[in-house]
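In case you want the letters, here they are:
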Amino acid sequence: MKFKSISLVLTTALVVTFAALSSQGRSLTAAAATVAPTKATTKMATMAATMDAATIAKTTLLRVVHTSPNSPHVDV
Amino acid sequence: MPIPAGDHQVTITAVNDPKTVVFDAKVTFKGGSAVTVVAEGQLADKTFAVRIFTDDVSATKGKARVIVIHAIPDAGNVDVVTADFKTVLVDNLPFGSSMTLDVPAGKYDLVVVPHGKKDVVFDLKGSKLDADMIYTLVATGKLTGKDAVKVKLLAYVTLPVPGFLPPPIATMAPTMSATMKATMAGTMAATPKK
């Protein structure tokens, strides 16, 4: 059973595809060992920083990373 | 992305093929936490696993936080050391594990090597780590076999989120794989390059 792309489905009708999230990962090399946060992660952190304690207690920050080799194709 | 804390039935399928399920399990996401779900390994050689790391996104108090995740299934344990091999920041990290360290902001000459050796796998000389940033480094790829894939180090940069609590020290990274390894979380001392 070999798959070329995979998606993560949560029962709360939340659908996360690996492409959308893994695109934030940038290959790090010696020449570019410094990277900056993406707009998406900055936006998420800024939004999360405004949450009150009650909201934080009910919230999980989720990141999905697809590292499975030889399964390079993903859907958004 | 923020999601409601609680139990979720997580199902991973081949794209456009809901019958080809590669992962299906109930996962509990704790409130006030941040997690990284890593799909790693391959189906073909039965190393595929989904591993869940609890990230420390709590306040960094002016330091830079580095989270290292080892996701190369056929690589041995690794160290993260200074390029002069005098200071070991991450020691003997096994596949499927992560380590978190807070360091002073600055420039660092770092390399990733097999545990106890000097064969550089990743050369990170001149890495600039800014204050109050969280750098998640995920080592990926496959070293051996016909399906070997060049190893890469993926970098994700996020901001700390005050109010979200750090994970407990020495938590386990839950996974459906039989090769579950400990996740080590702690704080280590390091000095930036002058």
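Quantities reported herein were computed from a predicted structural model and do not represent experimental measurements.

(A) How the structure looks around the overall build of chain B. Helix and strand counts for chain B come out as zero helices and 14 strands. Ordering the α and β elements of chain B from the N terminus gives β-β-β-β-β-β-β-β-β-β-β-β-β-β. For chain B, with 194 residues in total, the buried portion stands at 41%. When contacts within chain B are restricted to residue pairs at least 6 apart in sequence, those whose partners lie at least 24 apart make up 61%.

(B) Representation of the sheet that holds strand S4 (residues 59-66) of chain A within the structure. With respect to topology, four strands assemble into an open sheet ordered S1(B)-S4(A)-S4(B)-S5(B), the strand pairing being mixed. This sheet does not close on itself; its edge strands, each paired only once, are strand S1 (2-4) and strand S5 (49-55) of chain B. Direction aside, the axes of adjacent strands within the sheet are offset by 35 degrees on average. Sheet analysis places strand S4 (residues 33-40) of chain B next to S5 of chain B, joined by seven bridges and oriented antiparallel. Counted as the bridge partner of Val35 of chain B is Thr54 of chain B from S5 of chain B.

(C) Focus on the sheet that holds strand S11 (residues 122-129) of chain B. All names here are of chain B. Judged by pairing direction, the sheet is antiparallel, and its four strands sit side by side in the order S8-S7-S10-S11 without closing on themselves. Edge positions in the sheet fall to strand S8 (88-93) and S11, since each has one partner strand and no second. Looking at each pair of strands side by side, their axes are set apart by 20 degrees on average, direction ignored. Pairing geometry for strand S10 (residues 106-114) and S11, over six bridges, is antiparallel. Across the sheet, the residue bridging to Val111 is Asp123, located in S11.

(D) Focus on the pairing of S4 of chain A. Along S4 of chain A, eight of the eight residues are buried, which leaves the element largely enclosed by surrounding structure. Going residue by residue along S4 of chain A, you find Thr59, Leu61, Arg63 and Val65 of chain A tucked away on one face and Thr60, Leu62, Val64 and His66 of chain A tucked away on the opposite face as well. Relative to S1 of chain B, S4 of chain A runs antiparallel, the two being bridged by three bridges. Bridging from a neighbouring strand, Leu61 of chain A pairs with Pro2 of chain B of S1 of chain B. In this sheet, S4 of chain B lies alongside S4 of chain A in parallel orientation, the contact comprising seven bridges.

(E) Seen up close, the confidence of the model for chain B. Residues and elements named next belong to chain B. Summary statistics for chain B give a mean pLDDT of 78 and a share of 84% for residues scoring 70 or more. For the stretch residues 170-190, pLDDT sits under 50, and the model shows 58 contacts to residues farther than four places along the chain or on other chains. Scored by ipTM, the complex comes to 0.73, with pTM at 0.74.

The rules behind the values
Residues numbered from 1 in each chain as written. Chains lettered and ligands numbered in written order. Predicted model: local features only at pLDDT ≥ 70, side-chain atom pairs only at ≥ 80, totals over all residues. Helix = DSSP H or I, 4+ residues; strand = E, 2+ residues; numbered from the N terminus. Buried ≥ 20, exposed ≤ 12 C-beta atoms within 10 Å, placed from the backbone. Contact = placed C-beta atoms within 7 Å. Pairing = 2+ DSSP bridges. Axes fitted to C-alpha atoms, helices over the stretch in contact; angles between N-to-C directions. pLDDT = per-residue confidence, 0-100.

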